[in-house]
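Single-letter residue listing:
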Amino acid sequence: MNSADLWVLVPTRGRPANVDRLVRACAMTCTADTRLHFAFDEDDDRLQAGIDATAGHRYTVGPRNGLAGWTNDLAARHVRRGDAAALASIGDDMLPVTHGWDSALLAALPPGGGMSWPDVQRGPEHGRDPSVPEAIVISAPIVAALGWMALPGCHHWYIDNAWRDLGRAADCITYCPGVVVRHLHPNVPGGDKPDRTYHDAAERFDTDANAYRRWRLLRLREDAAVVRGVRAAALTAV
């Protein structure tokens, strides 16, 4: 099977220029066998321009979905194929900067599997908690065992908070401050301009917050145990 070191999963809507920017940045900075998989809503009014911008990278088109839903859809496809050692969630408004960022994040995955994340350069001065991994690399066996990559029940928000909480609870998450993947959010100087995609996502903030809180209360401990089991099995097999 033609397997990659890392599949980067990128749901996108209405942003062909961002697709092109990410493709070009990865071409210049990736040093591992890293491949991109974009997801497009079939009702995206800039669909063909987005597809053209993928420049031969894999893409999937389907009914309208959110960041979390599309991430889980793409992740499930790769888990079924068994074609990746790890999966990454990188937003279409992010820009890899560090040469070899992909190799560095893969190398930072804990023994037995886990998670690693870069510096997205969007900290407290921009209203963000620096402990929240807005971009992430996760070992594929963990995604397979959980049955999800982005927290089910969420549409867009709080999936990064869930990665942090799960990684901490299972003691398998690593921050790489020297690895930069910039998040060019509109609230960052020099970031992207607000658009309809940002506006639509904002409408889901409260419902996503409630889904995240329910998961922390009812499921976090169980999911952390699943992750610890995957890691224990991997370490035993070595």
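Residues numbered from 1 in each chain as written. Predicted model: local features only at pLDDT ≥ 70, side-chain atom pairs only at ≥ 80, totals over all residues. Heavy atoms only, no water.

Q: Describe the packing of aromatic side chains, listing the residues and the values that go with them.
A: By the definition in use, this model includes eight aromatic pairs. Between the aromatic rings of Tyr-158 and Phe-205, the centroid separation amounts to 5.4 Å while the plane-to-plane angle is 55°, which identifies the pairing as tilted. One end of the pair, Tyr-158, is in the loop between α5 (140-146) and α6 (159-169); the other, Phe-205, is in helix α8 (residues 205-218), with 47 residues separating them in the sequence. Between Tyr-158 and Tyr-212, the aromatic rings sit 5.2 Å apart at their centres with planes inclined by 20°, giving stacked as the arrangement. Taken together, the positions of Tyr-158 in the loop between α5 and α6 and Tyr-212 in helix α8 put the pair 54 residues apart, joining distant regions of the chain. Using a relative accessible area of 17% as the deciding quantity, one classes Tyr-158 as buried. Among the aromatic residues, those joined into a ring-pair cluster are Trp-148, Trp-157, Tyr-158, Phe-205, Tyr-212 and Trp-215. (Phe/Tyr/Trp six-rings, centres within 6.5 Å; stacked < 30°, edge-to-face > 60°. Helix = DSSP H or I, 4+ residues; strand = E, 2+ residues; numbered from the N terminus. Buried < 20%, exposed > 50% of the residue type's maximum accessible area, 1.4 Å probe, protein only.)

Q: Now, about the sheet that holds strand β2 (residues 34-41): what can you tell me, with residues and values included?
A: Taken in spatial order, the eight strands line up as β3-β2-β1-β4-β7-β6-β8-β5 in an open sheet, and their pairing is mixed. A single partner strand is all that each edge strand has here, and the edge strands are β3 (58-62) and β5 (94-96). When strand polarity is set aside, the average angle formed by the axes of neighbouring strands in this sheet is 30°. As defined by bridge partners, strand β6 (residues 115-119) adjoins strand β7 (residues 136-139) across two bridges and the pair is classed as antiparallel. (Pairing = 2+ DSSP bridges. Axes fitted to C-alpha atoms, helices over the stretch in contact; angles between N-to-C directions.)

Q: Summarise the packing of α6 against α8; cite the residues concerned and give the values.
A: Packed helices, taken two at a time, are described by the angle between their axes plus the distance between the axes. Put simply, α6 and α8 touch, their axes get as near as 10 Å, and they point 15° apart. By the angle class used here, α6 and α8 are roughly parallel. Seen from above, α6 lies across α8 with right-handed handedness. On the side of α6, the interface is formed by Asn-161, Ala-162, Arg-164, Asp-165 and Leu-166, while α8 contributes Tyr-212, Trp-215 and Arg-216. (Parallel < 35°, antiparallel > 145°, perpendicular 65-115°, else oblique. Left-handed = near helix turned anticlockwise from the far one by under 90°. Contact = heavy atoms within 4.5 Å.)

Q: Give a description of the pairing of β2 that names residues and reports values.
A: Where burial is concerned, most of β2 is hidden: eight out of the eight residues are buried. Residues of β2 alternate between two faces, with Thr-34, Leu-36, Phe-38 and Phe-40 on one and Arg-35, His-37, Ala-39 and Asp-41 on the opposite face, all of them buried. Relative to β2, strand β1 (residues 4-12) is paired through seven bridges, and the arrangement is parallel. Note that in β2 the partner of Val-10 across the bridge is Phe-38. Taken together, β1, helix α1 (residues 16-29) and β2 form a β-α-β motif whose crossover is right-handed. Sheet topology places β2 next to β3; five bridges connect them, and they run parallel. The partner of Asp-41 across the bridge, within β3, is Gly-62. A crossover links β2 with its parallel partner β3, the connecting element being helix α2 (residues 47-53), and its sense is right-handed. (Right-handed = clockwise from strand over helix to strand, strands pointing away.)

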